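Below, each chain spelled out in residue letters.
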Amino acid sequence: MQNDRKEVKMYSDFKSPYAFLAFDPAFALETKYRVRVKWKPFQLRLKGKGERSQYSEYKVKYSYMDARRWANMRGGLMIRGPLKIFDTTPALIGGLYTEKHGKLREYGNKVFELFFKRELAADEPEAIAPVIENIDLSAQDYRAYLASDGRAEYESPG
């Protein structure tokens, strides 16, 4: 019975390589334990190159090396560092939209894959819309949701 499962909240951003690596294993917990994973969008507030200390630059470099090492152990998932800092709000609201339609995992996996191959501008609604369409949901409804309830739901705490 689904109702007696404890809820586990998973906060993530589509620009985090560690969130990418944790996405499927987190949802796999539902099959092994009496839990229900509730995804929550969480925008990482990152400083861009030149805005960080040299020490922080090293942390970024070695964090990506570590993430790639873990990705290789998972069959070689591609993780290329983005060329700029993205405001992933359109992609995160897309996650909320797809979750309402039972397609969050499919959407999330595609967004992560394309983003870390540098094939998706996660900050552009017009780049997110085709991802929505490719999982058989309405890009037009996503755009309407983004312009109305999606923004409010994204910005609400909890």
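Refer to the structure presented above.
This is a predicted model, so every value here is computed, not measured.

Nonpolar side chains in soluble globular proteins tend to end up buried together. Ranked by size, the top nonpolar core spans 41 residues in total, and within it Phe14, Trp39, Ile79 and Tyr107 carry the most contacts. Of all the secondary structure elements, the ones that give two or more residues to this core are helix H1 (17-32), strand S2 (35-41), helix H2 (54-73), helix H3 (89-100), helix H4 (104-116), helix H5 (125-134) and helix H6 (139-147). Broken down by element, the residue count for this core peaks at seven residues, all from H4. When near neighbours in sequence (up to four residues on either side) are disregarded, Trp39 contacts Met10, Ser12, Phe14, Phe23, Phe27, Leu92, Gly95, Leu96, Glu99 and Leu104.

Next up on the list: the packing of H5 against H6. The geometry of H5 relative to H6 is characterised by a closest axis approach of 8 Å and an angle of 135° between their N-to-C directions. If you check the angle between H5 and H6, you find them oblique. For the crossing formed where H5 meets H6, the hand is right-handed. Between H5, through Pro125, Glu126, Ile128, Ala129, Ile132 and Glu133, and H6, the contact on the second element is made entirely by Ala139, Tyr142, Arg143 and Leu146. Class assignment for the residues of the contact of H5 with H6 results in seven nonpolar, no polar and three charged.

We now examine the side chain of Gln43. Along the chain, Gln43 turns up in the loop between S2 and H2. On the basis of relative accessibility, which here comes to 7%, the residue Gln43 falls in the buried class. Within the structure, the side chain of Gln43 is placed 3.0 Å from the backbone nitrogen of Thr88, a separation counted as a polar contact.

Here we take up the pattern of salt bridges. The final tally for this structure, using the stated rule, is 11 salt bridges. As a salt-bridge pair, Asp13 and Lys15 come within 3.2 Å of each other at their nearest N and O atoms. Note on accessibility: Asp13 and Lys15 belong to one class, buried. Between Asp24 and Arg105 there is a salt bridge, with its nearest N and O atoms 3.2 Å apart. Taken as a pair, Asp24 in helix H1 and Arg105 in helix H4 lie far apart in primary sequence, 81 residues in all. Residue Asp24 is classed as partly exposed on the basis of its relative accessible area, which comes to 25%. Judged by its relative accessible area of 37%, Arg105 is partly exposed.

Conventions adopted
- Residues numbered from 1 in each chain as written.
- Predicted model: local features only at pLDDT ≥ 70, side-chain atom pairs only at ≥ 80, totals over all residues.
- Heavy atoms only, no water.
- Core = buried A, V, L, I, M, F, W, Y, C linked by side-chain atoms within 4.5 Å.
- Buried < 20%, exposed > 50% of the residue type's maximum accessible area, 1.4 Å probe, protein only.
- Helix = DSSP H or I, 4+ residues; strand = E, 2+ residues; numbered from the N terminus.
- Contact = heavy atoms within 4.5 Å.
- Axes fitted to C-alpha atoms, helices over the stretch in contact; angles between N-to-C directions.
- Parallel < 35°, antiparallel > 145°, perpendicular 65-115°, else oblique.
- Left-handed = near helix turned anticlockwise from the far one by under 90°.
- Nonpolar A, V, L, I, M, F, W, Y, C, P; charged D, E, K, R; others polar.
- Polar contact = N/O pair within 3.5 Å; in protein donor to acceptor, adjacent residues only side chain to side chain.
- Salt bridge = Lys/Arg side-chain N within 4 Å of Asp/Glu carboxyl O.

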